[in-house]
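# Architecture at a glance
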Amino acid sequence: MFTRVLVANRGEIAVRVIRTLRRLGIHPVLAASIPDRHSLAARHAGETVVLDGYSSAETYLDQDAVIAAAKHTGCEAIHPGYGFLAENPDFAERCASEGVAFVGPPAEALRRLGSKTAARAIAVDCGVPVVPGYDGPDDDDALAREAERVGFPLVTKARAGGGGRGMRVVRAPGEIAEAVAAARREAAAAFGDGSLFLERYIERARHVEVQVLADTHGNLLHLGERDCSIQRRHQKVIEEAPSPIVDEALRAELTAAALKIAEAVGYVNAGTFEFLVGEPGQDGARPYWFIEANPRLQVEHPVTEEITGLDIVELQLRIAAGEPLPLRQGDVTFSGHAIELRLNAEDPRSDFAPSAGRLRRLDLGSGPAPGTRVRFDAGFEPGDEIPAYYDSLIGKLIAHAPDRSQAIAALVSNMPLTTPLVTNAALLRAVISHQDFAGDAIHIEWLESRLKEVLDRAQPPLVALAAAAACTWAQRDASWIGAGQLAMWLHDGAETHCVHLCSGRAGAMHLAIGEVEMNATAPAFSPAVWVDGQRCHVTAEGEDTLSVDAGGETWRFTIVPPPPLPRHARPTVPGSTAVTAPLSGTVAAVYVAEGDEVEAGQLLLTLEAMKMEHRLVAPASGVIASVTVAPGDQVAQGHPLVELGE
Ligand code: ADP
């Protein structure tokens, strides 16, 4: 086994890999960018090499810098995590020629699986069904012609694809030309390769994937499947194992299909083979199609770890060190059910705009009930800054329980509350509490098609907020009585709500949230609170964190200080309007200069935050009075960018 390993990644996956390295007595060295140099991963690592730069391209994607970091610190192996260099065959080859072990598959397997069309061809050779489509010569005319044959709806896909980029669903022949042009642009920008192919779009499908492990001694086995059907924009949001819709017969077929493809490409290390599973046919059986392979550790690997009791990172390291797998297929056992939620720094109510910034508090829940296990794979701790340069994943909440409904309950009562960051926690909670999720009625379009309804359900009921405030006031000393109007701010992970105490006695209070007034009765030293006749149960979970059971659901809140009054960036030029940064990020490009005349809606500049580009346009017609930033500048939310005069 290795004695020193370089972790060439960041965030939760770097922390996760370091945890196993430490457990195995291996010295972890972290390669970290400048913004990540004091991160949680860096604090856990034994040693950190700073990659001199900020963007992914100048740090985690810089092969020379990563290899130099490994050699300089005497590491025998590099764990690439996921993303960045994890699936890059050139990098795997470079590692081999430099005498450093790459914790992943051989370059040849990465090459064969790296192209989705090549992977489809291998699947076909193995007798595994693929989605009907067109993957012949790629020119716009051929795609337009073949689209008719493939049939509608269809989806364009990038051959070099990843992260859902280059995917456009086309529902009618008239839409194909525009979809192909947009998909090509997106794929070219993301992968430097705009080549496309077409697949029939499978409606109401489930995403089911098989975890495979292979060593260099010819041992190959699977660890069952994961279901990742809760997606947004073709990106996974919630994952679970086992899949609630896969029966023994389908499991046998999917796992056999995955193993066949793995064997055909000489796969080594941990890998995932992804399938779409359709609705049951007349015989009750569900059809399935191979879509792609992910030759690396997946974000969602913990759900498999939880149901198998195995440490996949440890097995990856053993395989990379040349050891035989310590178990055979018959030794793999499955128990219970595990679900993972991806907690992102983003605001679902503002079109999922990233919300980088400092994490001040992180309140995890009441802990697992007997027989359940709750794990939070965190990339950040209170006090850490979530940088705007990379993705928005804060961490992953994983629950394991004897059955699915207990796993859901464990997630709900342990939903992480972050303050003051806005996250998708309330959305996640609303999804797993939805009857469609409980009843296995979800599919890959479900979240997007129900987003509005789910967001409405993500709002805590006023009764729960009132109960939390009333109980807190009742438990505190009574000096507030008669003090006039009081207010309490409660943060639900997504939003801060203000509850006003209009008047009250210790036992009975008159409260208002916005325009709505309520009466609450909260006996001191009792968790039972009545709000307008509805009984709620309030539990203090720690200093300033409460959980409220109301109407059969549980809600968690943190009591927070009053939010600061909004700061309006003051224009320095009298009579001008300041265009300010809607979120923290980096100025990517500036399209105007002082003195330019602009029309309302004209593009002024672009801002990059968390891998997404935001376009800022002129709010009105006018003349540019001043431009206060230049490309490459880091700006905080609210920072003035351009001043627009009349
Ligand atoms: P990427 O590599 O960009 O993540 P995938 O091929 O893995 O792309 O597809 C991502 C997601 O898009 C899948 O999980 C699935 O939800 C959806 N998808 C892919 N192909 C199809 C298809 N032919 N029909 C319907 N949905 C699809």
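Cut-offs and rules
- Starting afresh in each chain, residues are numbered from 1 along the sequence in its written order.
- Only residues with pLDDT of at least 70 get local features here, since the model is predicted, and only at 80 or more are side-chain atom pairs given and counted; chain-wide, interface and lining totals rely on the full set of residues.
- Values shown for side chains rest on all heavy atoms present in the structure; no hydrogens or waters enter the calculation.
- In DSSP terms, a helix is any run of H or I states spanning at least four residues, a strand is any run of E spanning at least two, and both are numbered starting from the N terminus.
- For the exposure calls, accessible area comes from a 1.4 Å probe over protein chains only, and a residue counts as buried if that area is under 20% of its type's maximum, exposed if over 50%, partly exposed in between.
- Where accessible areas are quoted, they stem from the Shrake-Rupley method and a 1.4 Å probe; at the residue level, only the protein chains shown are allowed to cover.
- Charge counting follows a simple rule: Lys and Arg are positive, Asp and Glu are negative, and His as well as the terminal groups are ignored.
- In this description, the location of a charge corresponds to atom NZ of lysine, CZ of arginine, CG of aspartate or CD of glutamate.
- Under this scheme, a helix contributes an axis fitted over its contacting stretch, all axes are lines through C-alpha atoms, and angles between N-to-C directions fall in the 0 to 180 degree range.
- Each angle receives one of four descriptions, namely roughly parallel if under 35 degrees, roughly antiparallel if over 145, roughly perpendicular if within 65 to 115, and oblique otherwise.
- Whether two residues touch is decided by their heavy atoms; if any such pair falls within 4.5 Å, the residues are in contact.
- Classification used: nonpolar for Ala, Val, Leu, Ile, Met, Phe, Trp, Tyr, Cys and Pro, charged for Asp, Glu, Lys and Arg, polar for all others including Gly.
- As used in this structure description, the phrase polar contact means that two N or O atoms lie within 3.5 Å; if the pair is within protein, one of them must be able to donate a hydrogen and the other to accept it, and residues adjacent in sequence are counted only when both atoms belong to side chains.
- Boundaries of every domain are those given by an automatic assignment or by a domain database.
- Left-handed describes a crossing whose near helix is turned anticlockwise from the far helix by less than a right angle; the clockwise case is right-handed.
- Note on terminology: a nonpolar core comprises buried Ala, Val, Leu, Ile, Met, Phe, Trp, Tyr and Cys residues joined through side-chain atoms within 4.5 Å.
- Following DSSP output, two strands are said to pair if at least two bridges run between them.
- The salt bridge criterion pairs a side-chain nitrogen of Lys or Arg with a carboxyl oxygen of Asp or Glu, the two atoms within 4 Å.
- For a helix, the expected span equals 1.5 Å multiplied by the number of residues minus one.
- Definition of nearness: a residue and a molecule or strand are near each other if at least one heavy atom of the residue lies within 4 Å of the molecule or strand.

A separate point is the overall build of the protein chain. Of the regular secondary structure elements, the protein chain holds 17 helices and 39 strands. Buried residues in the protein chain amount to 55% of all 646 residues. Approximately 26000 Å² of the protein chain is accessible, and the part contributed by carbon and sulfur atoms is 51%. For the protein chain, the centre of its 57 positive side-chain charges and the centre of its 85 negative side-chain charges are spaced 3 Å apart.

Let us now look at the packing of helix α13 (residues 425–432) against helix α16 (residues 451–458). Running from N to C, α13 and α16 point in directions that differ by 105°, and their axes come no closer than 8 Å. Judged on the interaxial angle alone, α16 and α13 are roughly perpendicular. Along its contact with α13, which presents Ala426, Leu427, Ala430 and Val431, the element α16 presents Leu451, Val454, Leu455, Arg457 and Ala458. Class assignment of the residues belonging to the contact of α13 with α16 gives a composition of 8 nonpolar, no polar and 1 charged.

It is worth spelling out the environment of Ala183 at this point. By secondary structure assignment, the location of Ala183 is in helix α8 (residues 176–191). For Ala183, a relative accessible area of 0% translates into the label buried. Sequence-distant contacts of Ala183, defined by excluding residues within four places in its chain, comprise Thr156, Gly166, Arg168 and Leu196.

A word on helix α11 (residues 312–320). Among the 9 residues in α11, 8 count as buried, and that is most of the element. The set of residues buried in α11 consists of Ile312, Val313, Glu314, Leu315, Gln316, Leu317, Arg318 and Ile319. N-capping of α11 is provided by Asp311, with a side-chain oxygen placed 3.0 Å from the backbone N of Val313. Downstream of α11 by a residue or two, Gly322 has a phi angle that is positive, lying close to 90°.

A separate point is the domain arrangement of the protein chain. Structurally, the protein chain comprises domain 1 (4–103), domain 2 (132–200), domain 3 (462–560) and domain 4 (577–645). Put simply, the middle of domain 2 and the middle of domain 3, counted by C-alpha atoms, are 53 Å apart.

Our next topic: the packing of helix α3 (residues 63–72) against helix α4 (residues 89–97). Relative to each other, α3 and α4 sit at 30°, their axes nearing to 11 Å. As far as their axial angle goes, α4 and α3 are roughly parallel. For the element pair α3 and α4, the recorded crossing hand is right-handed. Only Asp90, Phe91, Arg94 and Cys95 of α4 make contact with α3, whose side of the interface consists of Gln63, Asp64, Val66 and Ile67.

This brings us to the environment of Val237. Tracing the chain through its elements places Val237 in strand β12 (residues 235–241). For Val237 and Glu340, which are 103 residues apart along the polypeptide, the C-alpha to C-alpha distance reads 8.5 Å. The contacts of Val237, once residues within four sequence positions are left out, are Ile230, Gln231, Arg232, Glu340, Leu341, Arg342, Leu428 and Leu447.

Membership of the largest hydrophobic core comes to 100 residues, with the highest contact counts inside it found for Leu6 and Ile238. By size, the runner-up hydrophobic cluster in this structure holds 31 residues, among which are Ala474, Met488, Leu501 and Ala522.

Bringing the sheet that holds strand β8 (residues 168–170) into the picture now. Pairing within the open sheet is antiparallel, and its 4 strands lie in the order β6-β9-β7-β8. Pairing within the sheet leaves two strands with one partner each, and these edge strands are β6 (133–134) and β8. Judged from the 2 bridges that link them, β6 and strand β9 (residues 196–200) form a sheet pairing that is antiparallel. Within β9, the residue paired with Tyr134 across the bridge is Leu198. In the packing of helix α6 (residues 116–125) onto the sheet, contacts are made with β6, β7 (154–158) and β9, and the angle to β9 comes to roughly 50°. α8 rests against β7, β8 and β9 of the sheet, and its axis sits at about 170° to β8.

Before going further, it helps to spend a moment on the pattern of salt bridges. What the rule picks out here adds up to 52 salt bridges. A salt bridge links Arg404 to Glu240; its shortest N-O distance comes to 2.6 Å. Of this pair, Arg404 sits in helix α12 (residues 404–412) while Glu240 sits in strand β12, placing them 164 residues apart in sequence. The exposure classification of Arg404 matches that of Glu240, with both residues buried. Counted as one network, the salt bridges with shared partners bring together Arg16, Arg19, Arg23, Glu305, Glu306, Asp311, Glu314, Arg318, Glu323, Arg373, Arg375 and Asp377.

We now examine helix α9 (residues 248–264). Its 17 residues give α9 an end-to-end C-alpha distance of 24 Å, which sits within 8% of 24 Å, the value for a rise of 1.5 Å per residue. When we look at burial in α9, the residues that qualify are Leu250, Arg251, Leu254, Thr255, Ala257, Ala258, Leu259, Ile261 and Ala262. Looking at the buried residues of α9, the elements they touch are α6, β10 (206–214), β11 (220–232), β13 (269–277) and β14 (288–294). At the exit of α9 stands Gly266, carrying a positive phi of roughly 65°.

Across the sheet, which stays open at both edges, the 8 strands sit in the order β14-β13-β10-β11-β12-β15-β22-β20 with antiparallel pairing between neighbours. The open sheet has two free edges, formed respectively by β14 and β20 (373–378), since each of these has just one partner strand. Averaged over all pairs of adjacent strands, the angle between their axes in this sheet comes to 25°, without regard to strand direction. Bridge count between β10 and β13: 9 bridges; the pairing is antiparallel. Looking at the pairing, Ala214 lines up with Asn269 of β13.

Turning to the site of the ligand, a few remarks are in order. The full set close to the ligand counts 21 residues, and Lys116, Gly164, His207, Gln231 and Glu292 are the nearest of them. Within the backbone of Arg200, a nitrogen or oxygen atom sits 2.9 Å from a nitrogen atom of the ligand. One nitrogen or oxygen atom from the main chain of Ile202 is found 2.9 Å from a nitrogen atom belonging to the ligand. Protein contact buries 96% of the 550 Å² of open area that the ligand shows by itself. Only β7, β9, β13 and β14 provide two or more residues apiece to the shell around the ligand. Taken together, the residues of the shell around the ligand break down into 8 nonpolar, 7 polar and 6 charged.

Look at any regular strand and the pattern is simple: side chains alternate between the two faces of the sheet. Of all 8 residues that make up strand β15 (residues 337–344), 8 are buried, and the element is covered over most of its length. On β15, burial covers both faces: His337, Ile339, Leu341 and Leu343 on one face and Ala338, Glu340, Arg342 and Asn344 on the other are all buried. Summarising the sheet, β12 and β15 pair through 4 bridges and their orientation is antiparallel. Bridge pairing in β15 links Glu240 to Ile339. Strand direction decides the pairing type here: β15 and strand β22 (residues 393–401), joined by 8 bridges, are antiparallel.

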